[in-house]
Amino acid sequence: MMFRNVAIIGCGQTKHSSKRRDVSLPEMIEEAAWRAMEDAQVTPEEIDAIVVGNMQGFGGVAQPDQWIGDWIGAPGKPVMRIATGGTTGGSVGQGAIYAVASGMYDKVLAVAWEKHSDSKEPGATTGLLHVALANFFHAFNYGMNLKSLVATTVVGAAAGVAVYQAMFYMHRSGCRIEHFDMVAAKSRRNAAKNKYAHLQWPGCTPEDIAKTEMVAYPFRFGHICPASDGASAIVVAAEDIAKKKEDKAWVKGLASYSDEENQLMSESYGGVGILDASEQMGCRVSAMKAYRMAGITDPKREIDVAEIYQPFPSQELIFAERLGLFDEGKAWVALEEGEMEIDGRMPTDPSGGVLATNAIGSSALQRILEAALQVMGKAEEHQVPKEVRNAVAHGWGGVTNYTTVTVLGDSPR
Amino acid sequence: MLHLEREGIVRVKGLPFVARFKWSTGFLMERFIKSLAEKKLLGAKCPSCGYTYVPPRSRCGKCLTKLGEKNLVELSGRGVLVGYTTAYVGLDGEGNFVDLEKPRVIGAIKLEGADSTIFMPIGEIDPEGVREGMEVEPKWREATRGELADIEYFKPSR
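Since the model is a prediction, treat every value here as computed from it, not as a measurement.

A. Main features of the pairing of strand β8 (residues 249-258) of chain A. Residue and element names in this part refer to chain A. With respect to burial, β8 is a largely interior element, nine of its 10 residues being buried. Here two bridges tie strand β1 (residues 6-13) to β8, and the two strands are oriented antiparallel to one another. When the bridges of β8 are listed, Ile 8 appears paired with Ala 249. Judged from the eight bridges that link them, β8 and strand β11 (residues 402-409) form a sheet pairing that is antiparallel. Across the sheet, residue Ser 258 finds its bridge partner in β11, namely Tyr 402.

Spelled out as structure tokens, the structure:
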């Protein structure tokens, strides 16, 4: 394919917590943006273009991209907002990569965020009003009433999807709820080593998680991601600029995928009819394309660390398999054997992942950022102890099935 | 729940959601709002380029300098009307337009010592008498509470 090599040369993020009441939306966003520019040792004047995004409808500001420009040095430059639901951050990162790889711009800043605490309702409820309901209103035209719609397809939006996904996966793989306890405990422990993470619990054990109450079978309270306030940002630069920088993570391959399943069209009302909600072919196809672009033929051997989008523990296992890192239906076996730990053979989410920190619009950009930190060797306490030559970053969401896969490495393609 | 009121219109009632927001304003904006209780108007003056914002903000949009509490300045409250319009039609809260009993003037005001403008209702003057460049001052609510509504409108200076 004809495009320029690009690299990530700077990373910045805020500390994540459930409430950042001390800052307004642009004040929170600029924290991450300025940290990324400082890390890349570039001034706002040197940035050519900016790609921004958060989950549409969340935070109650319809066009936040119009509000933040003067806080991050945007005036006079192209600013493009990308919103692909839960995957937004992955698309924002890839959008910045497209902009540089195409040859259009040399240095592009990508910023993504969520500020859940600006909603007065618990969790992400106000966002769901927009996404879960507005996206499914068309079902009324098929004669479905509101109660049935809420009861069958959009039960808790992402959680509603993930419970089915988890059940399908358990049924076909032999994975048990105890393995979700193990993934969740690992996430809390890893997050305790990540100073920017939200839910930190040093020494958390699967037994600790198992004591938390059941919310929606098979998920316990301890299995569920938080609603975080926070932002993350990266600076993407062209090859000649990146080569002069000491710290960089090269973009080796990327792909994304969307299909009708994205709108749950097959669940109840005549779509493409995917029967297994944990099938997630979008992730498999994206991974295959991204690996091919990266020249990776054996991901089990060539990928050193993975940052997987996993608001729920089952998803870390499902997507790890779909990313080709473990055999079909066997990720939970590898988990039992400690392979997914920070010091394991195939560390997954050493940052704690989305299960520990979920500022939704930012979450998939954080996967790219965290993968970049691992490649650069700058992840500090949650740096994996082995040499990192290639890392894979995954994003999932849309409504329920929009995927991004980005492969980073220590050398250009 | 689901009501077919007229052909082609699907009206949905009884949503299991409420959507309320409580946007955080940031520290300087909070100071601005709370100072209204003392009938004070605060701005932020950039130490690098001198641009003065009302309401205050924590990053200069002109030169990107970080601004803080030490950059807050108190303004006299007097200002100049730099642009205006008169509204003759309003909304009745039910989704309908209504003719206003009395036309309302709304204007852009550049406060003394500020570079940015604020938009406020203009009161105590007939629409025919409003001119660009006229001097205006705030009409404060009698009991101020530290909220934006503490200024009812701006009126011609006497």
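B. Expanded view of the sheet that holds β11 of chain A. Residue and element names in this part refer to chain A. The nine strands are arranged β3-β2-β4-β7-β1-β8-β11-β10-β9 in an open sheet whose pairing can be described as mixed. Of all the strands in the sheet, the pair left with one neighbour each is β3 (79-81) and β9 (305-307). Neighbouring strand axes in the sheet, compared pairwise and without regard to direction, differ in orientation by 25 degrees on average. Sheet analysis places β9 next to strand β10 (residues 390-397), joined by three bridges and oriented parallel. The partner of Ala 306 across the bridge, within β10, is Val 392.

C. Spotlight on unusual backbone geometry. A cis amide bond, omega 5 degrees, links Tyr 217 of chain A with the succeeding residue Pro 218 of chain A. With respect to the helices and strands, the residue Pro 218 of chain A is situated in the loop between β5 (214-216) and β6 (219-220). Backbone geometry places Lys 39 of chain B, a non-glycine residue, at a positive phi of 55 degrees. Here Lys 39 of chain B shows up in the loop between α1 (27-35) and β3 (41-45). For Lys 39 of chain B, a count of 13 C-beta atoms within 10 Å gives the class partly exposed. Positive phi values are uncommon outside glycine, yet Glu 124 of chain B reaches one of about 60 degrees. Tracing the chain through its elements places Glu 124 of chain B in the loop between β8 (117-122) and β9 (135-140).

D. The sheet that holds strand β5 (residues 72-75) of chain B, seen in detail. Residue and element names in this part refer to chain B. With antiparallel pairing, three strands are arranged side by side in an open sheet as β4-β3-β5. Here the strands that pair on one side only, and so sit at the sheet edges, are β4 (52-53) and β5. With respect to the sheet, α1 is in contact with β3 and β5, its orientation differing from that of β3 by roughly 155 degrees.

E. Looking closely at the pairing of strand β4 (residues 107-115) of chain A. All names here are of chain A. Where burial is concerned, most of β4 is hidden: nine out of the nine residues are buried. Of the two faces of β4, the one carrying Lys 107, Leu 109, Val 111, Trp 113 and Lys 115 and the one carrying Val 108, Ala 110, Ala 112 and Glu 114 are both buried. Pairing of strand β2 (residues 49-53) with β4 involves five bridges; the strand directions are parallel. If you follow Ile 50 over to β4, its bridge partner there is Leu 109. Here β4 pairs with strand β7 (residues 229-238) via nine bridges, running antiparallel. Looking at the pairing, Val 108 lines up with Val 236 of β7.

F. Broad picture of helix α1 (residues 25-40) of chain A. Residues and elements named next belong to chain A. Relative to the 22 Å expected for 16 residues at 1.5 Å per residue, α1 spans 23 Å between its end C-alpha atoms, a close match to the ideal helical length. Along α1, 13 of the 16 residues are buried, which leaves the element largely enclosed by surrounding structure. A positive phi of about 55 degrees marks Gln 41, the residue just after α1.

The rules we used
Residues numbered from 1 in each chain as written. Chains lettered and ligands numbered in written order. Predicted model: local features only at pLDDT ≥ 70, side-chain atom pairs only at ≥ 80, totals over all residues. Buried ≥ 20, exposed ≤ 12 C-beta atoms within 10 Å, placed from the backbone. Helix = DSSP H or I, 4+ residues; strand = E, 2+ residues; numbered from the N terminus. Pairing = 2+ DSSP bridges. Axes fitted to C-alpha atoms, helices over the stretch in contact; angles between N-to-C directions. Contact = placed C-beta atoms within 7 Å. Expected span 1.5 Å × (residues − 1).

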